[in-house]
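An overview of the molecular structure
The chain contents come next:
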Amino acid sequence: MSHKSWMKTVPTENCDVLMTLPDTTDDHTLLWLLNHIRLGIPELIIQIRHHKHTRVYALFVTATYESLLRGADEIGLRKPVKAEFGGGTRSFSCEEDYIYENIENELHFFTSQERQNIIRYWLENLRAKQGEMLHNIHFLEGQPIIPELAARGILQQVFPIHEQRILNRLMKSWVQAICEPQPLDEICEYFGVKIAMYFAWLGFYTSAMVYPAVFGSLLYTFTENDQPSLLPRPQPNQTSRDVCCVVFAIFNVIWSTLFLEEWKRRGAEFAYKWGTLDTPAESIEEPRPQFQGVKRISPVTNAEEFYYPPWKRLLFQCLVSLPVCLFCLSFVFLAMLGCFELQEFVLSIKELPRIVRFLPKIMLAVIVTACDEVYKKIAYWLNDMENYRLQSAYEKHLIIKMVLFQFVNSYLSLFYIGFYLKDMERLKEV
């Protein structure tokens, strides 16, 4: 069920986070979850709605302003300080709430993203007590409940609610605006620092690319104009081409160095402005809900935890992941060679229609697209089977697999033609 269905069919005010449960959810599961949230997080205000057509239950979650203030103090949310108290940003403290800007304004002190971040923090830190269970799910003491229920499919979706008013404003000042600077502060307030920093980098990179584009165009024009005029079909002077290539390479080295150094300064400015420059290290990362293993007593914390021997993961990587990756890469290489051989065969037959000559290229494009989708599923399956404990390790190894698959799948044919066959005419056609 789409997010928009809930927003249109069940209009509920003062909702920050929405949690949906499948239509097969029984009353016992619904009441168990509701009681645990209300007892474990009394700061939250929860309303239950039932979708009439899909028969799906949803929990509309929000909190009062006073509760959000305590939550901001708990997570150390950084807020701007009034000028008379030194300015800048500081971690929020309820004991000194009078020093922060707009503290008197309940509607504008917290952005929607900050409200949702506080509530998400509470939900993710709702932990089970010793011996608690729901149906066939046995929770460990201190295990987060919401991520585990989401991983088991008992919770269908947990997502924040958009504010249409702010989206419309961003649509006009950002998406529909042409040749205007990005409203990075508004993006940061609504989507958070990570999204704003990404678009800040993207805009800076796009602007910086103007310099090599202009310089490269000038060199290309100079090369094309430097042609012997006595030849029936003038060709660019090879010496001029070589000199321009060397000059452009040196320019790119200097440009890339200046680009990186300038972005370091620009990124530090944004980090200071948005209050993340001196953010302390994140707390200990929780295990992934999908992580599986045997129960044991941790030798570090003396608490019960799941343990998966590293040698099992290494064995799976060597005996399964590596052979599967090599097989996929070999298949791509053989499929590419087959398409090239088919193209040579088609071109050798002069009687064939012109449109048939494009058939091998179309086949290669279809194979590349199909393999991208297949390899994505294979990469996720391999990563799940390797059973990483932390989400950061899971994402790192998934990125390695995806980049390896997609790079070889998309660019192997270009490297093969350019560096092995050394056929520049065919390379231009591809």
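Scroll up a little and you will see the structure.
Below is a summary of the structure that appears in this document.

Criteria and thresholds
Residues numbered from 1 in each chain as written. Predicted model: local features only at pLDDT ≥ 70, side-chain atom pairs only at ≥ 80, totals over all residues. Heavy atoms only, no water. Phe/Tyr/Trp six-rings, centres within 6.5 Å; stacked < 30°, edge-to-face > 60°. Buried < 20%, exposed > 50% of the residue type's maximum accessible area, 1.4 Å probe, protein only. Lys NZ or Arg CZ within 6 Å of the ring centre and 35° of its normal. Axes fitted to C-alpha atoms, helices over the stretch in contact; angles between N-to-C directions. Helix = DSSP H or I, 4+ residues; strand = E, 2+ residues; numbered from the N terminus. Parallel < 35°, antiparallel > 145°, perpendicular 65-115°, else oblique. Contact = heavy atoms within 4.5 Å. Nonpolar A, V, L, I, M, F, W, Y, C, P; charged D, E, K, R; others polar. Expected span 1.5 Å × (residues − 1). Pairing = 2+ DSSP bridges. Core = buried A, V, L, I, M, F, W, Y, C linked by side-chain atoms within 4.5 Å.

With that out of the way, let us pick up the packing of aromatic side chains. One pass over the structure, following the stated rule, counts 25 aromatic pairs. Considering the side-chain rings of F109 and F110, the 4.9 Å spacing of their centres and the 75° angle between planes classify their relative orientation as edge-to-face. Both residues of the pair, F109 and F110, count as buried. Between F407 and F415 the ring centres are 5.9 Å apart and the planes differ by 55°, which places this aromatic pair in the tilted class. Taken together, W201, F204, Y205, W255, F259 and W263 form an aromatic cluster joined through their ring pairs. Here the basic side chain of K79 rests over the ring of F109, its NZ or CZ set 4.8 Å away from the ring centre.

With that out of the way, let us pick up the packing of helix α3 (residues 65-75) against helix α4 (residues 112-124). Where α3 meets α4, the axes come as close as 10 Å, and the angle between the chain directions of the two elements is 70°. Here α3 is positioned roughly perpendicular relative to α4, judged by the angle of their axes. Of α4, the residues touching α3 (which contributes S67, L68, G71, A72, E74 and I75) are R115, N117, I118, I119, Y121 and W122. Here the residues of the contact of α3 with α4 sort into 7 nonpolar, 3 polar and 2 charged.

It is worth spelling out α4 at this point. Helix length check: α4 (13 residues) gives 18 Å between terminal C-alpha atoms against 18 Å at 1.5 Å per residue, within 8%. Regarding α4, the residues found buried are S112, E114, R115, Q116, I118, I119, W122 and L123.

Moving on, we come to unusual backbone geometry. Look at N102: it is not a glycine, yet its phi comes out positive at around 60°. With respect to the helices and strands, the residue N102 is situated in the loop between β5 (89-91) and α4. On the basis of relative accessibility, which here comes to 44%, the residue N102 falls in the partly exposed class. Positive phi outside glycine occurs at C179, with the angle close to 55°.

Attention now moves to the sheet that holds strand β8 (residues 157-160). As summarised here, the arrangement of the 4 strands in space is β2-β3-β1-β8, forming an open sheet in which the pairing is antiparallel. Strands with a single pairing partner mark the edges of an open sheet, and in this sheet they are β2 (44-50) and β8. Taking the axes of each pair of neighbouring strands and ignoring which way they run, one obtains an average angle of 20° across the sheet. The sheet contact formed by β2 and strand β3 (residues 57-63) spans 7 bridges and is antiparallel. Across the sheet, the residue bridging to I48 is L59, located in β3.

Formed by 40 residues in total, the largest nonpolar core has its most connected members in M19, L33, I37, L44, L59, F110 and L149. Every element with two or more residues in this core is listed here: β1 (17-21), α2 (27-40), β2, β3, α3, α4 and α5 (145-152). Looking at this core element by element, the count peaks at 5 residues for α2. Residues in contact with L44, not counting those within four places in the same chain, are I37, V61, T62, A63, I119, W122 and L123. In terms of nonpolar packing, the next biggest core, distinct from the first, is built from 18 residues, W174, A196, F270 and W274 among them.

What follows is about the side chain of N387. Mapped onto the fold, N387 is located in the loop between α12 (359-386) and α13 (391-421). Excluding its chain neighbours within four sequence positions, the residues that come into contact with N387 are Q290, F291, Q292, Y308 and R313.

For L334, the location among the structural elements is in helix α11 (residues 310-348). On the accessibility criterion, L334 (58% relative accessible area) is exposed. Counting along the chain gives 124 residues from L334 to V210, while the straight-line C-alpha distance between them is 39 Å.

This brings us to α12. Look at α12: 40 Å from first C-alpha to last across 28 residues, which is about the 40 Å you get at 1.5 Å a residue. Residues of α12 that are buried include every one of P360, L364, C371, Y375, A379, L382, N383 and E386, and no others. Here the buried face of α12 lies against α11 and α13.

On to the environment of E304, then. With respect to the helices, strands and loops of the structure, E304 is situated in strand β10 (residues 304-307). Along the chain, E304 and Q130 lie 174 residues apart, while their C-alpha atoms are 9.8 Å from each other. Residues within four places of E304 in sequence aside, it is in contact with L140, E141, K295, R296 and I297.

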